[in-house]
Every structure is written in structure tokens, then in C-alpha cells.
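Coordinate inspection notes
Below are the chains, spelled out letter by letter.
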Amino acid sequence: MPSFPLLLGPFELIGGCVVSENTMFTSKSLQLGAQAIEGLSKVSRFSKSALPVTITQRKSYIQGRELFSTTPTDNADKVNEETQKISVTFVDKDGEEKQIKVPIGMSMLEAAHQNDIELEGACEGSLACSTCHVIVMDVEQYNKLEEPTDEENDMLDLAFGLTETSRLGCQVIAKPELDGLRLALPAATRNFAVDGFKPKPH
Amino acid sequence: MPSYISKCAGPPPLVFFSSASIVPSFLPFRFSCNTLCCWCHSFRPSLPSVSTSPTPPPLSKCAAPPPLSDSSSAADHVVQRHHRRSTLSLHSAMSIFGGMIARKFSSATTRSLHVCVVGSGPAGFYTAEKMLKAHKGAEVDIIDRLPTPFGLVRSGVAPDHPETKIVINQFSRVAHNERCSFFGNVTLGSSISLSELRQIYHVVVLAYGAESDRVLGIPGEELKGVHSAREFVWWYNGHPDFSNLTPDLKSTDTAIVLGQGNVALDVARILLRSPKELSTTDIANHALTALSESSIRKVYLVGRRGPVQAACTAKELREILAIKDLYVNIKEADLVKTSSDEEEMKNNRIRKRVFELLSKASTSRSPSQSSGQRELHFTFFRKPDKFLESYDKSGYVDGVHFEKTTLKENDSGNQIAIGTGEYEDIKCGLVLKSIGYKSIPIDGLPFDQSKGVVPNIKGRVISSSNGGENEDGLYVCGWLKRGPTGIIATNLYDAEETVASISEDIEKKEVTSQKAGREGLVHLLENKKIKFVTFGDWEKIDFEEKKVGSLKGKPREKLATWNDLLEVTTK
């Protein structure tokens with residue numbers, strides 16, 4: 001059974017930065033999925049180890065509307081789980097890169113929050129704000145995504161620093177074809193200008 | 001040494017965790033946790049004035065994440081139950097380490113920077129969040145004139161937009177930050193003056209928004225039945241200042257909304273939506289009752305300019321067009337675009353998409369309307385000239401006299417509405433003016449009356465007397481800084497800018513002076529016998545509202561009077 005070193009919430013609270021560093025959010029789809037799981041584990045709330053206390057938990061991912069659950073004792077499943085992750089690189093406002101592994105089916109907003117990447121999520125993935133705006137840096141990767149819905153476009157209308165390859169992080173769901181995805185946080189646009197990237201309005 | 005550790009009552013009784021099913025469904029998770037969980041309130045600051053209570057005050061100090069949304073769905077309960085389990089697992093560990101942490105913490109808290117944010121709406125909370133993050137030695141107090149936090153997220157966002165209010169979760173986490181405190185029921189300008197605040201704090205950020213309205217300045221504006229959309233919004237959202245507005249919705253079948261922005265669409269939608277649908281939202285009870293009895297069937301949304309210039313966004317437009325069984329009228333002649341219109345749309349994605357929606361709606365509507373059906377009329381190219389007084393009911397509005405307009409490009413390349421000299425009357429018994437909010441100046445604050453904002457450079461307030469220099473330690477954010485436009489997220493970038501200015505200034509000029517900060521504020525308020533409301537008190541209000549709401553199938557039933565609000569805080 002895998003063990004997850006957990007962050008004990010109060011430590012961060014004491015540090016006084018629980019708000020942005022450990023933002024808890026739950027997407028609508030996650031809430032739906034949650035109905036099916038009794039032992040739902042929200043690792044994100046407890047990311048970052050701060051104490052030598054490990055708590056054994058059953059791990060399950062709520063992914064979109066599908067549920068992938070692994071039996072922790074099963075090695076085959078563990079391997080399977082590894083292969084079901086893709087690599088995603090976030091480029092932050094200062095051009096700093098951070099590569100993370102994202103399980104298939106998880107949204108980029110949720111993945112960012114689990115990995116302490118500063119992506120806002122004011123409406124927690126319910127398509128009512130534009131704060132999780134990300135820019136897909138490679139057009140080919142962008143084209144692999146499903147077309148944004150009207151509702152997503154309505155929110156993108158209001159996004160800060162919109163580009164032709166802008167999406168909402170909560171609507172970009174990890175799938176195998178997206179392995180190697182590179183996402184920039186909006187203020188980083190000034191950094192791609194150096195590499196010849198020119199954001200255009202839609 | 002903070003005294004709060006001593007309040008720890010040890011691990012909670014196990015029975016709590018096995019009896020989740022007996023917890024009433026309305027009980028917010030935070031309450032369940034807080035009443036029994038020592039570490040939830042162990043790590044909260046104790047305000048000098050509230051630390052005398054022998055028993056831990058309920059609801060006030062839990063640091064656990066707030067409920068996921070206003071409405072407690074089954075899924076929420078699963079997540080919440082899970083969290084309780086984690087809490088249990090962690091609990092014994094926490095009890096052991098608790099004292100150790102507190103000691104470490106108290107020695108590490110040399111708080112040198114005292115910050116006060118005035119206003120607890122999005123601009124205030126985002127500013128507080130960014131300040132806490134940027135300055136680990138900063139202590140941030142947020143004051144608000146209402147006993148309730150969150151500004152327009154509570155009193156502005158429409159009741160049928162619960163998703164937009166989810167940001168309250170994030171703001172609550174800011175308020176629960178150990179270095180942050182909320183002081184409600186404290187009014188800048190009357191409870192406390194700006195100069196007093198500036199004496200107590202190193203940094204004062206004004207983010208108190210825009211609590212007044214622009215006026216048209218045309219005859220009849222004072223007639224009964226003419227309201228600002230803001231008043232109407234505050235009324236249906238249970239703002240304690242306007243719960244007694246009692247707009248007359250029963251003696252007319254027609255309402256005119258002046259303006260075509262999102263606020264205009266909100267008020268039109270509330271007037272046109274079925275009250276049954278609204279009954280499951282957090283709309284104020286008095287408003288739901290009035291809307292259930294409303295005889296208004298027809299709403300005109302009137303704009304001075306054309307469909308290309310309509311100020312709404314696609315989401316709100318799509319939503320109102322989707323109201324069930326609604327007859328939508330858009331004159332096809334109004335949809336003819338000029339080359340200037342085309343140019344305007346080319347450069348503006350929102351304008352383009354809004355225009356497309358309006359065009360689609362004009363062609364897809366049903367050819368004939370059935371009797372009694374609700375109607376929405378988009379009326380373009382009309383400028384209100386005067387409000388008409390009723391012959392039968394003196395002092396009451398009976399209609400609006402409009403001048404037809406045409407568009408003309410002005411010097412700066414914008415298309416503006418010019419009167420054509422042709423007039424048209426539209427009869428109505430209710431007018432809602434949705435032409436913009438306006439900020440209110442206070443004593444000692446530079447204020448640009450024409451723009452309705454505080455003159456500033458990147459959030460630094462510019463002195464009006466001091467030869468255009470910056471006011472030391474005084475900043476603005478949100479609508480007071482840039483005018484009443486934009487969405488909640490706009491304040492995020494706005495706050496970033498203001499906080500960057502503050503950080504730059506602090507770096508340039510090291511803070512050496514000693515300020516009384518929070519202690520000074522509490523002392524001053526107590527001297528003035530002002531009963532401030534803490535975030536814990538607000539959570540009592542929150543709990544009460546959710547409890548009453550759950551009995552009616554609503555996410556909350558807002559307490560809509562000052563008395564009701566303040567009374568709950570004393571329980």
C-alpha cells in the first residue's frame with residue numbers, strides 16, 4: 001500500500017500562506033465523481049510534506065466523469081498507473097518551467113494545484129470565471145484539444161492576455177496524446193515574445 | 001505568547017466521526033468540525049476583545065477548508081466525511097505537536113508591517129491575499145462597514161449565479177489566515193477617520209468600491225418607480241440598506257431597464273425568470289415574495305447605441321435568451337452594421353460574439369407570441385430624454401420619453417450616440433437605471449469628481465494639495481481606483497499592481513516607525529463603543545442563514561436587516 005507523506009494543514013496556516021499555496025478546489029466533475037467513492041482522498045489539500053508523519057491512504061483519482069481506481073497492493077496496477085500519466089510543463093510568469101506528471105483524465109487546474117503551481121481557480125472549475133487561463137504554447141498540441149464550448153469561450157472572452165491558443169485550465173483534461181504539453185501562465189507572454197511567439201487576438 | 005493553545009480540548013470524541021449521519025444536512029462542515037476539533041481553533045489568533053469568552057466561540061476559528069459550495073450536495077458530504085476521517089487520523093499527531101508548533105510560531109512572529117484594507121469585496125480580499133503572501137511579516141486587517149464580508153460577491157452577484165460566488169471559499173481562506181482579521185460594522189468616515197487609520201497602520205489600502213450611482217440628470221428622475229439598478233440588486237440580494245426598497249411590481253406589466261450591460265441583463269433576468277426557479281437560489285425572501293406576485297410581463301432593455309456597442313458579455317446574454325418561454329424581440333433593422341461597426345467588432349472578440357448572439361436570437365425567435373407570455377425587447381438607438389409622470393397617480397412614473405439616436409465617430413475614434421430630434425415614448429410603471437456605479441469620496445481623501453475615482457498611479461494615491469506627490473502609505477484598489485468596470489478577476493490583477501507598488505515603496509523606504517496596528521484599532525473602536533463584527537461573528541450569520549435556507553430548499557436565507565444581522569452575532 002503506497003504511503004503519502006501528508007502536509008498537515010495547520011503548518012501552512014501558521015506560516016500564513018495557506019491561501020494561495022495550497023488552494024483547495026473541487027471541480028463539478030470531481031464532485032460528481034465523489035459521490036461514487038467512500039474513501040475519497042484529496043491529496044491536494046495535504047500536498048507538501050512538513051512533518052515526519054505518514055498516513056496511509058487509499059489512492060483514487062477522480063478524473064473527469066470517469067473513475068480510475070487502483071488497488072494499492074497490486075503492482076501491475078501501479079505500473080499501469082504510471083503509464084497513465086502524462087508529462088506537462090508549466091511556464092510561470094517569470095519564464096520558470098516546472099514539469100509535472102498528470103494522471104489521464106485530470107484537469108490542468110487540478111494538476112497545477114496539486115503541484116503548487118500558481119494558477120488561480122476562483123470558481124473552482126465550474127466555468128464561471130477566467131482565472132485559470134493558460135496558453136498552450138504549441139499550436140499542434142492546441143489542435144489536439146477538443147474545441148472549446150460556447151461556455152468556455154464566454155469565459156475566455158474575459159481572460160487577461162488572451163491569445164489564439166488560450167484555454168481554461170479547468171477544461172484541458174490530460175489524455176495520452178497531450179504528453180509533453182507545455183502551458184504558459186498569461187503574464188509569461190512577454191517571455192515568449194523573445195522566442196518569436198506573438199500572441200494574437202482571436 | 002498567544003493563549004489559544006490552552007483552549008485545546010484534546011481529541012474529539014470518536015462518536016462524532018461515526019455519527020455523521022445524524023448531523024443535520026444543513027450543518028456546514030466547518031461547524032461540525034469546529035465544535036469538536038481542537039486544532040481547528042487552536043491556531044487562530046485571539047483578538048483582544050473576544051478572548052475573554054470562557055468557551056471557545058462556535059464557528060469562528062476553524063481553519064479547515066470551507067464548504068465546497070453554498071448548496072450542500074451529496075457529493076459535498078462525501079468529501080466532507082472524508083475530511084473528517086483525515087482529521088481524525090491527524091488528530092493525535094496534532095495534539096502532540098500542537099504546543100511545539102505554537103511555541104515556534106510565537107517566537108517567529110515579529111510583525112513589523114501593519115496593513116489595513118478598507119472594504120472586503122474582491123478588491124479588498126485579493127489585496128489582503130497578495131499582501132499576506134508578499135510580506136511574511138505583515139498583519140492585514142480588513143474593515144467593512146457591513147457586518148458581512150465579500151462586498152458585491154454577496155450583494156451584487158445575481159442569486160442565480162452560485163458558481164460565481166464560489167470565490168467566497170478562497171476569500172474565507174484568506175480571512176482564516178492567522179495574520180488576517182476581519183472587522184465588520186466599522187465605517188470609514190464615521191466609526192473611524194482616514195487620518196486615524198493612517199496613524200495606526202503603516203499601509204492603508206482603500207478598496208471600498210462604488211456605493212452610489214451615476215445620474216442621468218434629466219427631468220423626472222426623482223419620480224416614484226424610478227430606481228437605480230444597484231438599489232434593485234441590493235434589494236433582491238438582501239443588502240441591509242435596501243431590504244425596505246419595496247419596488248412596486250404589481251401595478252404595471254412593463255419595466256424599462258436603461259442600459260445594456262451585465263447589471264442590466266441581471267435585473268431584467270430576475271424580473272423575467274420564473275419565481276419558482278429563483279426559489280432555490282439565495283435570493284432574499286422579501287424579493288422572492290414580491291417577484292412571485294409581480295405583474296411585470298414585459299421588459300425593455302434600452303441602449304443609446306446599437307447591438308455592436310452593447311456592453312454586456314456573451315454569458316449573460318446567452319443566459320437571458322435561454323429563459324424558458326420568453327418572447328425575444330430584436331428589430332432586424334437595428335442589426336444592420338456600418339463599416340465602423342465592422343471595424344469595432346474586428347478588434348473586439350466580446351463585441352463580435354455578443355453581436356452574433358443577438359443576430360441569432362432575432363432570427364430564431366418564434367414568429368408569434370402567445371398571450372401572457374413574458375417578453376424581452378432589446379431597444380437600440382434610444383436616449384432617455386425625460387421620465388413621464390402619471391396623470392392618475394401623481395408623483396409616479398408612467399413612461400419614458402426617448403430621443404432616437406444615430407452613431408457618429410468622435411475625435412478619439414469612438415462611435416457615440418447623437419440625438420436625431422425624433423422622439424418616442426414607451427409606457428411603463430417601473431424604471432431601473434443601469435448606467436453605472438459611482439464611488440463616494442470621504443474626508444481627507446483626494447478624489448476626482450469627474451471620473452469618480454481616487455487619483456492614483458498604479459494604486460499610489462496622489463495628493464491633491466502636496467504638489468502631486470504620493471500620499472505616504474495610502475493606496476487604492478478596485479473600483480475606487482479604476483472606476484466601476486470589469487469582473488471579479490479584474491481585481492486580481494488590480495490587487496497585484498497595488499501590492500507591487502506597496503512592495504516597491506517599502507523596499508525604497510524601510511519601515512522603521514512603530515505602529516499600533518490591530519491592537520490600536522481594537523483599542524480605538526472600544527473607546528468609541530463601536531461593536532465590531534469578527535469573521536467568527538460572520539460565520540455565525542453564515543451558519544444561521546444556511547440553517548434557515550436549508551429548511552426552504554435554498555442555499556441560504558439571507559438576514560436582510562441590520563438588526564437581524566447584528567443580533568445573530570451576539571448569540
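Shown above is the structure to which this text applies.
Presented here is an overview of the structure given in this document. (Residues numbered from 1 in each chain as written. Chains lettered and ligands numbered in written order. Predicted model: local features only at pLDDT ≥ 70, side-chain atom pairs only at ≥ 80, totals over all residues. Heavy atoms only, no water.)

Within this structure, the stated rule accounts for 14 aromatic pairs over all chains. On the basis of an interplanar angle of 15 degrees and a centroid distance of 4.1 Å, the ring pair of Phe160 of chain A and Tyr493 of chain B is categorised as stacked. A residue pair is termed interchain when its members come from two chains, as with Phe160 of chain A in the loop between helix H7 (150–156) and strand E8 (166–168) and Tyr493 of chain B in helix H17 (residues 490–508). Given a relative accessible area of 23%, Tyr493 of chain B falls into the partly exposed group. (Phe/Tyr/Trp six-rings, centres within 6.5 Å; stacked < 30°, edge-to-face > 60°. Helix = DSSP H or I, 4+ residues; strand = E, 2+ residues; numbered from the N terminus. Buried < 20%, exposed > 50% of the residue type's maximum accessible area, 1.4 Å probe, protein only.)

Let us now look at the nonpolar core. Residues and elements named next belong to chain B. The biggest cluster of nonpolar side chains holds 54 residues, and the ones touching the most others in it are Tyr236, Leu249, Leu271, Val299, Leu317 and Phe378. Every residue in contact with Leu249, bar those within four places of it in the chain, is listed here: Phe232, Trp235, Leu271, Ala290, Leu291, Ser294, Ser295, Ile296 and Leu430. Val115, Phe150, Val167 and Trp538 belong to the second largest nonpolar core, which has 43 residues in total. (Core = buried A, V, L, I, M, F, W, Y, C linked by side-chain atoms within 4.5 Å. Contact = heavy atoms within 4.5 Å.)

All names here are of chain B. Contact geometry for helix H5 (residues 122–134) and helix H7 (residues 167–176): axes closest at 10 Å, N-to-C directions at 50 degrees. The pairing of H5 with H7 is recorded here as oblique in orientation. As for how H5 packs across H7, the hand of that crossing is left-handed. Here H5 contributes Pro122, Phe125, Tyr126, Ala128, Glu129 and Leu132 to the contact with H7, which in turn contributes Val167, Gln170, Phe171, Val174 and Ala175. Among the residues forming the contact of H5 with H7, the class breakdown is 9 nonpolar, 1 polar and 1 charged. (Axes fitted to C-alpha atoms, helices over the stretch in contact; angles between N-to-C directions. Parallel < 35°, antiparallel > 145°, perpendicular 65-115°, else oblique. Left-handed = near helix turned anticlockwise from the far one by under 90°. Nonpolar A, V, L, I, M, F, W, Y, C, P; charged D, E, K, R; others polar.)

Sheets are built from strands paired through backbone hydrogen bonds, the pairs being either parallel or antiparallel. Residue and element names in this part refer to chain B. Taken in spatial order, the 6 strands make up an open sheet running E6-E14-E7-E8-E10-E9, and their pairing is parallel. Every other strand in the sheet has two partners, leaving strand E6 (226–228) and strand E9 (326–330) as the edge strands with one partner each. For this sheet the average axis-to-axis angle between neighbouring strands, irrespective of direction, equals 20 degrees. Alignment of strand E7 (residues 254–258) against strand E8 (residues 298–302), held across 5 bridges, turns out to be parallel. Paired with Ala255 across the bridge in E8 is Val299. Running at roughly 75 degrees to E6, helix H9 (residues 229–236) makes contact with E6 and strand E14 (430–433) of the sheet. (Pairing = 2+ DSSP bridges.)

Moving on, we get to the sheet that holds strand E11 (residues 382–389) of chain B. Residue and element names in this part refer to chain B. What the 3 strands build is an open sheet, ordered E11-E12-E13; its pairing is antiparallel. In this open sheet, the two strands that pair with only one neighbour each are E11 and strand E13 (415–427). Taken over all neighbouring pairs, the strand axes of this sheet differ in orientation by 20 degrees on average, direction set aside.

Now for unusual backbone geometry. Notably, Asp116 of chain A is not glycine yet its phi reads approximately 55 degrees, a positive angle. Positionally, Asp116 of chain A belongs in the loop between helix H5 (108–114) and strand E7 (133–136). Residue Asp116 of chain A is classed as partly exposed on the basis of its relative accessible area of 27%. Look at Thr246 of chain B: it is not a glycine, yet its phi comes out positive at around 40 degrees. Structurally, the position occupied by Thr246 of chain B is in the loop between H9 and E7.

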